[in-house]
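# Examining the three-dimensional arrangement
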Amino acid sequence: MNKQSIYQKLAADAVSYEELRRVPVTPCKETLVKIPQTPNLYSKQFGDDMLPITGNVVYVRQNAARRLVTASKLLATQDPRLSLQVVYGYRALSIQQRLYRKFETELSGQFSSTELREAVHRLIASPDVAGHPTGGAVDIQILRDDQPLDFGTKIWDFAPDSFTYSPFVSQLATSNRLMLRDVMMRAGFAPFDGEWWHFSYGDKEWAYYYNLPGAIYDQIEFSR
Ligand SMILES: [Zn+2]
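Residues numbered from 1 in each chain as written. Predicted model: local features only at pLDDT ≥ 70, side-chain atom pairs only at ≥ 80, totals over all residues. Heavy atoms only, no water.

## What about the pattern of salt bridges?
Going by this rule: Here a salt bridge means any side-chain nitrogen of Lys or Arg lying within 4 Å of a carboxyl oxygen belonging to Asp or Glu. Numbering goes from the N terminus for both helices and strands, where a helix is a DSSP run of H or I of at least four residues and a strand is a run of E of at least two. Burial classes: relative accessible area under 20% of the type maximum marks a residue as buried, over 50% as exposed, and values in between as partly exposed (1.4 Å probe, protein chains only).
Enumeration over the complete set of coordinates arrives at 11 salt bridges. With a closest N to O distance of 3.9 Å, E106 and K102 form a salt bridge. Of the two residues, E106 and K102 are both situated in helix 5 (residues 93–107); the distance of four residues between them amounts to about one turn of the helix. On the basis of relative accessible area, E106 is assigned to the partly exposed category, the value being 48%. The partner of R181 in a salt bridge is D193, and the shortest N-O contact between them spans 2.9 Å. Placement of R181 in helix 7 (residues 171–186) and of D193 in the loop between strand 7 (190–191) and strand 8 (198–200) is noted, with a sequence separation of 12 residues between them. A relative accessible area of 26% places D193 in the partly exposed class.

So, in structure tokens, the structure goes:
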């Protein structure tokens, strides 16, 4: 198989919009909180789209925040110089909708209406099933002495090499991806193998990944 067909297979393995749409949600009452800062857990907002809403602070739901602390402690037991850096958490639904519409406009004309939904969803999660607007999803990497480990791509490099199981990155990069995946999953997060940095707790993707009866986080508005 050539590189393109391997990446097509990895993309086809990803959960579809239709599969996520069918996952029921029974919303819990957890609020959005700032991610705790500890010697092994930092957060630093990447991008500027959330600045008018949350400033430079990354928010997630309460239980997701607790589980990030757990993941950082698991990481520190392997090597105390390692820390988790969260670069994105909660995203306002209006921003997700704007991004979705932008890609929808770019791709319209290339697909039928049902195909278009799935095609856009592969590039940017459809707002009604997306994890970031629930406050359950995070984009995260591992630092050693404040420098990112080698993950084969930079975080937020939206290229096929960012598939967690890309065979076209070095062994070191793969083992670093798997170390991140391991501590996050042991803390209860579900991985998204289309982006090595994206994990979620409580959202539809999490419920689907672990075959649970439903999600516990729905799309939420930000309030302080
Ligand atoms: Zn993400």
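Next comes the rest of the write-up.
## A few points about the layout of surface pockets
Which entries qualify depends on this criterion: Using a grid of 1 Å spacing that covers the protein atoms alone, one calls a set of points a cavity when a 1.4 Å probe fits there but cannot get out, and a pocket when the set is open and has protein on both sides within 12 Å along at least five of seven lines; lining residues are those with an atom within 4 Å of a point. Grid points are joined across faces, edges and corners, and a volume is the space filled by probe spheres set on the points. Under the convention adopted here, Pro, Cys and the residues Ala, Val, Leu, Ile, Met, Phe, Trp and Tyr are nonpolar, Asp, Glu, Lys and Arg are charged, and Gly plus all remaining residues are polar.
If you add up the space inside the largest pocket, you get close to 1200 Å³. For the largest pocket, the lining is made up of 43 residues, of which R122, L123, I124, F158 and E195 are closest to its centre. At the level of elements, helix 1 (3–12), helix 5 and helix 6 (113–123) are the ones that each hand at least two residues to the lining of the largest pocket. Classifying every residue of the lining of the largest pocket by side-chain character gives 24 nonpolar, 11 polar and eight charged. For the second largest pocket, the calculated volume is near 250 Å³. In this structure, the second largest pocket is lined by 13 residues; those nearest its centre are D13, A14, V15, F192 and D193. Ranked by residue count, the leading element in the lining of the second largest pocket is helix 8 (residues 204–209), at three residues. A breakdown of the residues in the lining of the second largest pocket according to their chemical character gives nine nonpolar, one polar and three charged.

Remember that the coordinates give geometry; whether it matters functionally is a separate question.
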